[in-house]
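Overview (structure and organization)
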Amino acid sequence: METDKQMQQLVRKAVQGSRDALEDLVRRIQQPVYSLSLRMLLNRQDAEDAAQEIIIRVITNLKGYRFEGPFRAWVLRIAVNKLKTVRKTFAERRMAPVKDLDSILDRYEARGWLSKPLEAPEPYLEVETRAICIHALLSALNRSQRLAFILGVVIGVDSREGAQVLEISPAAYRQRLSRARTRIKDFLAGNCGILGDTNRCRCGCILPSYLENGWIHPDKPMFADRHTTEEEPARLGKYLREIDELGQLSALYRSVSPSSPDFVARVKRIYDDPHYRILADFQAGSNPS
């Protein structure tokens, strides 16, 4: 998101009746809100539905923002509170019972999934496989740990802001993040071919099974850019091996950033709905801060 001062200026203008400011505000928050939703839910339609509801909650409650903390934290707190209540997704139902992540690959290997590479697969499909794989792993974490992981590793909030978003103490946030990060890091370091040449799981090998099971839709990738070149996956692997373990985890998850749908048109319909009275004028002399 933009600097907090810029965002607060937009909030003031939007609350005072500027539709241009309100639309600009939606454009600036929609990408992080959708990215958080998709990484949490790993389903495009569920993520779009959740993100739209979150954005509507944000703009219909702008008067409730007291300018007492970062606007980003306020928005993310609304997002988190919504995402905690969304029904369990397919990925969560499959992964929730898994205590030992290595057992997943054991089953895949027993079914021969790791030994059926496609010849010269499209680079964007390898990227999509990687994105689906590493985010499916997050579904093995409970939602509280998953939120801490995405906030800390992907979005990059510090412990103070993370604590504000999750409404816990900074110490509790650091502990929650550490547990989530350790579990994911240990699995990837010991199994992911991107992080080690001798590791057994490789995107090109598991891709055919992902396609066969409908977990990847070539015409509608959730994360990958179809213009990805062959050099990009190889370049990422080389880069990841050159940095420390904590940096590897952040770089791996940040290497795929889903583009956000445009939610501006979707929320325009609420402008004149009396149920969502968001653009009421302030009384003379009032101060939104």
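A brief structural summary. (Residues numbered from 1 in each chain as written. Predicted model: local features only at pLDDT ≥ 70, side-chain atom pairs only at ≥ 80, totals over all residues. Heavy atoms only, no water.)

**Brief notes about the overall build of the chain**
Helix and strand content of the chain: 14 helices and zero strands. The secondary structure elements of the chain, listed N-terminal to C-terminal, are α-α-α-α-α-α-α-α-α-α-α-α-α-α. Relative to the compact-globule value of 19 Å for 289 residues, the chain shows a C-alpha radius of gyration of 21 Å, a close match. Overall, the chain is about 70 × 40 × 35 Å in size when its C-alpha atoms are taken along their principal axes. Put simply, the chain has 289 residues, and 51% of those count as buried. Nonlocal contacts in the chain, meaning residues at least 24 apart in sequence, comprise 77% of its contacts between residues at least 6 apart. Taken as a whole, the chain presents about 14300 Å² of accessible surface, with 45% of it coming from carbon and sulfur. If the 45 positive side-chain charges of the chain are averaged to one point and the 37 negative ones to another, these points end up 6 Å apart. (Helix = DSSP H or I, 4+ residues; strand = E, 2+ residues; numbered from the N terminus. Rg over C-alpha atoms; globule rule 2.2 N^0.38 Å. Buried < 20%, exposed > 50% of the residue type's maximum accessible area, 1.4 Å probe, protein only. Contact = heavy atoms within 4.5 Å. Areas by Shrake-Rupley, 256 points an atom, 1.4 Å probe, with all protein chains shown as cover. Lys, Arg positive; Asp, Glu negative; His and termini not counted. Charge placed at Lys NZ, Arg CZ, Asp CG, Glu CD.)

**Observations regarding unusual backbone geometry**
In this model, phenylalanine 67 sits at a positive phi of 60 degrees, which is unusual for a non-glycine residue. Checked against the element boundaries, phenylalanine 67 lands in the loop between helix H3 (44-60) and helix H4 (71-83). For glutamate 167, which is not glycine, the phi torsion reads 60 degrees and is therefore positive. Take glutamate 167: it is sitting in the loop between helix H9 (159-166) and helix H10 (170-191).

**A short note on the pattern of salt bridges**
Side chains that differ in charge, positive against negative, can pair when their charged atoms come close. Evaluated as defined, the whole model comprises 14 salt bridges. Glutamate 23 is the partner of arginine 27 in a salt bridge, and the nearest nitrogen-oxygen pair spans 3.9 Å. Of this pair, arginine 27 and glutamate 23 are both found in helix H2 (residues 19-41), four residues apart, which corresponds to roughly one turn of the helix. The class for arginine 27 is partly exposed, based on a relative accessible area of 45%. In this structure, the salt-bridge partner of aspartate 46 is arginine 87, at a minimum N-O distance of 3.4 Å. Here arginine 87 lies in the loop between H4 and helix H5 (90-95) and aspartate 46 lies in helix H3, a separation of 41 residues in the sequence. Judged by its relative accessible area of 16%, aspartate 46 is buried. Look at arginine 87 and you get exposed, because its relative accessible area is 57%. (Salt bridge = Lys/Arg side-chain N within 4 Å of Asp/Glu carboxyl O.)

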